[in-house]
Amino acid sequence: MTAPTEPDIDIWDDRILVDPYPTYAALREQAAVVHLPKNDLYVLTRYDAIRDALGDPATFSSTSIGFNPMVNDALQGTSLASDPPIHTQLRATLSQNLTPRALRGLKVVIDEKADKLVAELAAGGSFEAIDSLARAFPIEIVADLIGFQGHVKDNMLRWGQAAMQVIGPLNQRTQESFPIAGELYGWCSSVTAEDLAPGSIGRGIFDAEARGDIPQGSAGHIIHQYLGAGVDTTIASIGNIIALFGHHPEQFQLVRENPELVPAAFAEVLRYWAPVHIWGRKATRDVDIDGATIPAGAQVGILFGAGNRDPRHYENPDTFDVLRNPVDHLSFGYGPHGCAGQGLAKLEAHAIIEALARRVVSLAVSDELREPSNITRSFELLQVEKVVAA
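In this report, the structure presented in the accompanying data block is examined. Here the structure is a predicted model, which is why all the values come from computation and not from measurement.

On to helix α15 (residues 342-359). Over its 18 residues, α15 extends 25 Å from the first C-alpha to the last, a length consistent with the 26 Å expected when each residue adds 1.5 Å. Looking at the buried side of α15, the elements it contacts are α6 (100-123), α7 (129-146), α11 (219-247), α12 (249-257), α13 (262-272) and β9 (360-370).

A few words on the side chain of asparagine 39. Its place among the elements puts asparagine 39 in the loop between β1 (33-36) and β2 (41-44). Ignoring sequence-local partners within four residues, the contact set of asparagine 39 consists of Ile9, Asp10, Ile11 and Trp12.

Turning our attention to the sheet that holds strand β4 (residues 127-128). Strands sit in the order β4-β10-β9 across an open sheet of three strands; the sheet is antiparallel. With one partner strand each, in any of the chains shown, β4 and β9 form the two edges of the open sheet. Lying over the sheet, α7 contacts β4 and β10 (379-389), oriented at roughly 100° with respect to β10. Contacts from α15 reach β9 and β10 within the one sheet, and its direction differs from that of β9 by about 125°.

In terms of backbone geometry, most residues other than glycine have negative phi values and most peptide bonds are trans. In this chain, proline 84 is followed by proline 85 through a cis amide linkage whose omega measures 5°. Positive phi values are uncommon outside glycine, yet asparagine 316 reaches one of about 45°. Structurally, the position occupied by asparagine 316 is in the loop between α14 (304-308) and α15. Phi at asparagine 325 is positive, roughly 55°, even though this residue is not glycine. Along the polypeptide, asparagine 325 turns up in the loop between α14 and α15. For asparagine 325, a relative accessible area of 38% puts it in the partly exposed group.

A complete count under the given rule lists nine aromatic pairs for this structure. Taken together, a centroid distance of 5.1 Å and an interplanar angle of 35° make the contact between phenylalanine 245 and phenylalanine 252 tilted. Both residues of the pair, phenylalanine 245 and phenylalanine 252, count as buried. Geometrically, the ring pair formed by tyrosine 272 and tryptophan 273 is tilted, given 5.9 Å between the ring centres and 40° between the ring planes. Taken together, Tyr272, Trp273, Phe320 and Phe379 form an aromatic cluster joined through their ring pairs. Note that arginine 271 overlies the ring of tyrosine 314, its terminal NZ or CZ placed 5.4 Å from the centroid. The residue whose ring lies beneath arginine 309 is tyrosine 21, and the NZ or CZ to ring-centre distance is 3.8 Å.

Rules of the game
Residues numbered from 1 in each chain as written. Predicted model: local features only at pLDDT ≥ 70, side-chain atom pairs only at ≥ 80, totals over all residues. Heavy atoms only, no water. Helix = DSSP H or I, 4+ residues; strand = E, 2+ residues; numbered from the N terminus. Expected span 1.5 Å × (residues − 1). Contact = heavy atoms within 4.5 Å. Pairing = 2+ DSSP bridges. Axes fitted to C-alpha atoms, helices over the stretch in contact; angles between N-to-C directions. Buried < 20%, exposed > 50% of the residue type's maximum accessible area, 1.4 Å probe, protein only. Phe/Tyr/Trp six-rings, centres within 6.5 Å; stacked < 30°, edge-to-face > 60°. Lys NZ or Arg CZ within 6 Å of the ring centre and 35° of its normal.

Purely geometric numbers; function is a separate question.
If you want it as structure tokens, here you go:
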């Protein structure tokens, strides 16, 4: 049986990008897989279908994570856009610097920086949360971690945003972002160990290349992933933390009173508002999902946010509830391509939530602005109009 078709939906329509959840619900109720002819795409909408696909790289290949041929060509040779066994080798080098043990030493530094920044912002009585917190914090952390210096550190935000935009279809956002993403690709293809601070993870990746642990020429690709895949999504998640605590003061109060809820609260933020709108795979064979067929060679779109709100998996999925503890949410992916940087993302987000719980009694948000974006769903502006410091 062919998959049901929705001829009128463009999954990259501006209105859907700003608030995709009504569309996710409509698609999810129709079927686990729906064909969108406007996008030449089969989207996965339900939790089980998404998790099964992510766990089956032989059927759902990562050689087509993007939705235009140019970006897929540019990403060849990265662990993001490769399948086992190549992926396994590249991923090992990416991951070894991101294990809980490797990150343990960073925790103290990250916690201190988060506490200092949140305390300063809270003392001011009001602040704009995106530039001053959601962007400032992860950019500083990742720059120090990888060893970025000078103009590279200055360009991290532009490059990280563009690297995600160009994964979309060939719309205006993608075309405007290609030259900026090209700066990042160019830098990553020419970067040397000497360009990165001594003792940094970036230097360590070049050491691994010199030892022959990874193929020659792949160190730059791996560093590209830290910047391309990690910064924009973490910025989105931290902005979402502030907005959700502002919208749901009773949930923030629960975290203030029970600091042990911090990990559960972040998991719920990720479940409730997935930072990634859509991600690509290619079907390597005809595959049947709940009686509907995705044909071999078809481009597949994974709608993490639709799966995270699937009532077949989560009770009252449209309710933001920090007591839920949805450790199996889909926002970090699943399977061999599960987010390599999730340990670092958790360290950063937990540090921010802990600092908010310690330093802030209450916060009220006013002006909010989400700009349509192909892949990452984040705030462009988020004004905390009143914050009461603890």
